[in-house]
Amino acid sequence: MNILVINAGSSSLKYQLMDPETGDVSAKGLCERIYIDGRLTHKVGDKKVVKDIPMPTHSEAIAAVLEILQDPQEGVIKSVDEIDAVGHRVLHGGMKFSDSCIIDDACIKAIEECIPLGPLHNPANLMGIRACQAVMPNTPQVAVFDTAFHMTMPPKAYRYAIPTEYYENDDIRRYGFHGTSHKYVARRAAALLGKTDFKMINCHLGNGSSLCAIENGKCMDTSMGLSPLAGVPMGTRCGDIDACVVQFICNKYGMSVDECLTMLNKKSGVLALSEKSSDFRDLEDGEKHGDEKCILALQKFFYEVAKYIGAYTAALNGVDVITFTAGVGENGPETRQTICDYLGYLGVKIDPEKNSKRGKEMCISTPDSKVQVWVIPTNEELMIAQDTAELVNAAK
Ligand code: ADP
């Protein structure tokens, strides 16, 4: 089966053509500068081509993707008919979606109704869906939501302690994000351990970071909230913060709430503390050279992640497996070691030799560690392709 996975942003669109069973990617790429001018970067194996193609809207971007996929030189298919289905990443499914969904008019209407919850991403995701429907009307499309995996959380985890009317009238609650990644890692962990009845904490640590408490494969709690701003500090996001900070800054500096939130989303996190970079490689470099601000930024990040692991161990009343994934989780031995150094009380022991590897799926704890610790590289595209194939096959 060939599944085209689409992740449409406001001015960009990432794609992968993949086999959901093997995970083999036959081609992938990125459309950038949509609405501005348009550039397509297309990769097949190690071969990369970059083309400037006018992309006044997402429709032209999708058309350019389909054209290059069928190109006699750069392409990998002869006709669009070889694409069995399209899987779209959609940011916010609100309370309407607890699973992926075949796209029809009702699904589109529900995604539109979630726009107030995901004002930046859902409109872009919808543009990607509509563009695909226009150029490949007979190909089934599936929406895979970043929030869906978290819909199993109990009310005590997802309700905010604010007046009920905001929940009942406005759907204000914790939703959580990175759900496709947490689901992929949870399934992979179950496959690697050969069982499903265990308690795990998945640490998705990348530019955006979130943790997820998982029991028997189901999400019980997660660190992001109504939006991806909550939880641990991230590349440029502040993470959990007292709401009065917003009031204070807005009042003192005459900022609007939107301006303040932009600062908390884009200029905060480890970027703000280090005054150097949001990229963990730069922070580690600064740390090596004794840069106190980089050291503080890293320490704050490790400390907050370790605190969440402690909180989720309490929430689950124990933990059997801790997993690390995403850019920093997969590639940061120091990150993993320092976080696990906080977890001695749980009997966590890391094998330094195993932990020195980067980007490899493996167990990095010692045989006598009371909690298994794994690195499991995430693959959100594969999860989207698998969900898409499953739904489309079931509907046949
Ligand atoms: P996102 O998908 O949220 O944009 P990623 O999961 O790709 O982010 O993670 C990006 C982060 O991963 C960056 O901060 C980067 O520094 C970090 N990263 C990538 N490779 C390495 C590495 N080899 N060592 C340490 N950090 C790394």
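Residues numbered from 1 in each chain as written. Predicted model: local features only at pLDDT ≥ 70, side-chain atom pairs only at ≥ 80, totals over all residues. Heavy atoms only, no water.

> In this structure, what is going on with the nonpolar core? I would like to understand it.
One broad rule of soluble globular proteins: the nonpolar side chains tend to lie buried together. Core analysis: the largest hydrophobic core is formed by 34 residues, its most contacted members being L211, I309 and I322. Judged by nonpolar contacts, the second largest core, of 30 residues, contains I3, M153, A157 and W374. (Core = buried A, V, L, I, M, F, W, Y, C linked by side-chain atoms within 4.5 Å. Buried < 20%, exposed > 50% of the residue type's maximum accessible area, 1.4 Å probe, protein only.)

> For this particular structure, what's the right way to read the sheet that holds strand β4 (residues 39-44)?
Pairing between the strands of a sheet is mediated by backbone hydrogen bonds and can be parallel or antiparallel. Across the sheet, eight strands lie side by side as β5-β4-β3-β2-β1-β6-β8-β7; this open sheet has mixed pairing. The sheet terminates laterally at β5 (47-52) and β7 (101-102), the two strands that pair on one side only. In this sheet, strand β8 (residues 141-145) lies alongside β7 in antiparallel orientation, the contact comprising two bridges. Opposite I102, over in β8, you have V142 as the bridge partner. (Pairing = 2+ DSSP bridges. Helix = DSSP H or I, 4+ residues; strand = E, 2+ residues; numbered from the N terminus.)

> How should the site of the ligand be read in this particular structure?
Taken together, the residues surrounding the ligand are G206, N207, G208, S278, D279, F280, R281, A326, G327, V328, N331 and R358. Side-chain polar atom of D279 to an oxygen atom of the ligand: 2.3 Å apart, as the coordinates give it. Here R281 contributes a side-chain N or O atom positioned 3.4 Å from an oxygen atom of the ligand. Among the elements of the structure, α10 (280-288) and α12 (326-331) are those that each provide at least two residues to the shell around the ligand. (Near = heavy atom within 4 Å. Polar contact = N/O pair within 3.5 Å; in protein donor to acceptor, adjacent residues only side chain to side chain.)

> Would you mind showing me how to read the sheet that holds strand β11 (residues 218-222) here?
Here six strands make up an open sheet; going across it, the order is β11-β10-β9-β12-β14-β13 and the pairing mixed. In this open sheet, the two strands that pair with only one neighbour each are β11 and β13 (362-363). The sheet contact formed by strand β10 (residues 209-215) and β11 spans four bridges and is antiparallel. When the sheet's bridge partners are listed, I214 is paired in β11 with C219. Helix α11 (residues 292-316) contacts β9 (199-205), β10, β11 and β12 (321-325) of the sheet and is inclined by roughly 15° relative to β10. (Contact = heavy atoms within 4.5 Å. Axes fitted to C-alpha atoms, helices over the stretch in contact; angles between N-to-C directions.)

> Looking at this structure, how should I read the environment of T57?
Its location among the elements puts T57 in the loop between β5 and α1 (58-70). Assessed through its relative accessible area of 29%, T57 is described here as partly exposed. Linking T57 and R159, residues 102 residues apart in sequence, is a C-alpha distance of 38 Å. Residues within four places of T57 in sequence aside, it is in contact with I34 and Y35. Here E60 takes part through its side chain, which lies 2.4 Å from a polar atom of the side chain of T57.

> Help me understand the side chain of D221, please; the structure alone is not making it clear to me.
Summarising the element assignment, D221 is placed in strand β11. We classify D221 as buried; its relative accessible area is 15%. Those residues in contact with D221 that lie beyond four places of it in its chain are M153, A157, R174, L211, C212, A213 and Y312.

> I tried to follow α1 on my own but got confused; where do I start?
Since the α-helix turns once every 3.6 residues, residues separated by three or four places project in the same direction. Counted at 1.5 Å a residue, the expected span for α1 with its 13 residues is 18 Å, and the 19 Å between its end C-alpha atoms agrees. Of the positions making up α1, those classed as buried are H58, A61, I62, A64, V65, L66, I68 and L69. The secondary structure elements touched by the buried residues of α1 are β1 (3-8), β2 (13-18), β3 (25-32), β4, β5 and α3 (122-135). Capping of α1 at its N-terminal end is provided by T57; its side-chain oxygen lies 3.1 Å from the backbone amide nitrogen of S59. (Expected span 1.5 Å × (residues − 1).)

> Sorry, what's going on with the environment of I83 here?
Mapped onto the elements of the fold, I83 is located in the loop between α1 and β6 (85-90). The class of I83 is buried, set by a relative accessible area of 3%. The spatial distance from the C-alpha of I83 to the C-alpha of L4 is 6.7 Å, given a sequence separation of 79 residues. If near-sequence neighbours (up to four positions away) are discounted, I83 is found in contact with N2, L4, L17, L66, L69, I77, M136 and T139.

> Mind showing me how you'd approach a nonpolar patch on the surface here?
On the surface, a cluster of nonpolar side chains totalling about 290 Å² of accessible area is made up of Y35, I36 and M127. Of note, I36 is situated in the loop between β3 and β4. (Patch = residues over 30% accessible without salt bridge, like charges linked within 9 Å, V, L, I, M, F, W, Y side chains within 5 Å. Areas by Shrake-Rupley, 256 points an atom, 1.4 Å probe, with all protein chains shown as cover. Salt bridge = Lys/Arg side-chain N within 4 Å of Asp/Glu carboxyl O.)

> How do you make sense of the pairing of β12 when you look at a structure like this?
Each regular strand displays side chains that alternate between the two surfaces of the sheet. β12 sits mainly inside the fold: five of its five residues count as buried. Neither face of β12 is exposed, since V321, T323 and T325 on one face and I322 and F324 on the opposite face are all buried. Two elements, β9 and β12, share five bridges in a ladder whose sense is parallel. Within β12, the position partnered with I201 by the bridge is I322. Summarising the sheet, β12 and strand β14 (residues 372-375) pair through four bridges and their orientation is parallel. Within β14, the position partnered with V321 by the bridge is Q372.

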